[in-house]
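Coordinates in review
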Amino acid sequence: MKTNEAKRVWSGKALLGEGPFWDEQEQRLLWVDIEGYKLHAYDTKQDTTETLPFAQHVTAVVKKEQGGLLLAMRDGLYSYYRDRLTLHMRLNEEAVRFNDAKCDPSGRLWAGTMAFDGQSTIGKLVVFDENEAIEEKRSDLTISNGMAWDEQKHLFYHNETVTSETAIFSYDPDDTRTITRVGSVPIDYQEYGGAPDGMTIDNEGKLWIALWGAGAVIRVDPETGYVSERITVPASNTTSCVFGGADYKTLFITTASKDGEEKSGGLFCAKLDCKGTASISYKGQRNGL
């Protein structure tokens, strides 16, 4: 197994850093601090970071093709445009909040939920389409987490952290909302010291999975479960990752704070030999708001 070491590029202290999104146009990395109620933007050209505070949990961020941002928050999905929040969809369940969210190849937002207790199996996975309609795709989840799409094989991957499973679905390229369960990635994550959290995919169809509890991101062949590379991170609770940089060969890695770990909660990156896939913006119909 090839090994690599991540370096810290932001020395702040996110309580629960998550949801990284690469903004290709601005060459910046967007990510959230769920428990800190913050959105961060790291400008790779200037090596500076801007922070926006909110009044509730903000769990994921994507750009909107028509302008602004789409945020998954504690109680719903919101647009953020010109310093204004606009509610699109209310999450009417007191015991749950949104968690990871990401857009599919068609620009529809897939968003997972989880119980605040982190144990109840009341989580769901929903899709928020371009017309702002919501459709439930999975239920009875504990912690719905990372997602990735293989556009060549028309496969969708979805992590469930508590059960340590990466489910595999086939999807209809003409309608990415149509998915069919076809199996799971054949891997025992406990052998690598953690549980699957956020993830992304490279242009060879291999998954890069952040391991909560292991201080690592591993590269996994989803067909065989073979791990070909491990990136070590000086933060046990490694939460998610995304490809970025001008050549998409930089993997940005988010982490959560942990007592006794000086660099935990920081933002890290690692230079790779392979090229990754781009973050996809939400293709809703409404301009800005």
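Counting restarts for each chain: residues are numbered from 1 in the order of the written sequence. Reporting of local features is limited, given that this is a predicted model, to residues whose pLDDT is at least 70; pairs of side-chain atoms are given and counted only at 80 or more, and all residues count toward the totals for whole chains, interfaces and linings. As a rule here, side-chain values cover all heavy atoms of the structure and leave hydrogens and water aside.

We now examine the UniProt feature "domain: SMP-30/Gluconolactonase/LRE-like region" (unreviewed entry) in the protein chain. UniProt positions are given in the numbering used here, feature names are shortened, and annotations may be inferred rather than shown by experiment. UniProt records the feature "domain: SMP-30/Gluconolactonase/LRE-like region" (unreviewed entry) at residues 16–256, using the numbering of this structure. Every helix listed is a DSSP run of H or I at least four residues long, and every strand listed is a run of E at least two residues long, numbered separately from the N terminus. Counting secondary structure, residues 16–256 comes out at 0% helix and 61% strand; the distance between its end C-alpha atoms is 4 Å.

Let us now look at the sheet that holds strand β10 (residues 84–90). We call two strands paired when DSSP finds no fewer than two bridges between them. What the four strands build is an open sheet, ordered β7-β8-β9-β10; its pairing is antiparallel. Each edge of the open sheet carries a strand with a single partner, namely β7 (58–63) and β10. Between one strand axis and the next, the sheet turns through 25 degrees on average, direction left out of account. Pairing between strand β8 (residues 69–73) and strand β9 (residues 76–81): five bridges, direction antiparallel. Each residue of the ladder has a partner; that of M73, found in β9, is G76. With axes taken as lines fitted to C-alpha atoms, and helix axes fitted only over the stretch in contact, angles between N-to-C directions fall between 0 and 180 degrees.

The strands that make up a sheet are held in pairs by hydrogen bonds between backbone atoms, and each pair lies either parallel or antiparallel. Spatially, five strands are ordered β1-β22-β21-β20-β19 in an open sheet, and the strand pairing comes out mixed. For this open sheet the edge positions go to β1 (2–5) and β19 (195–201), each flanked by a neighbour on one side alone. Strand-to-strand, the axes of this sheet are offset by a mean angle of 25 degrees, without reference to chain direction.

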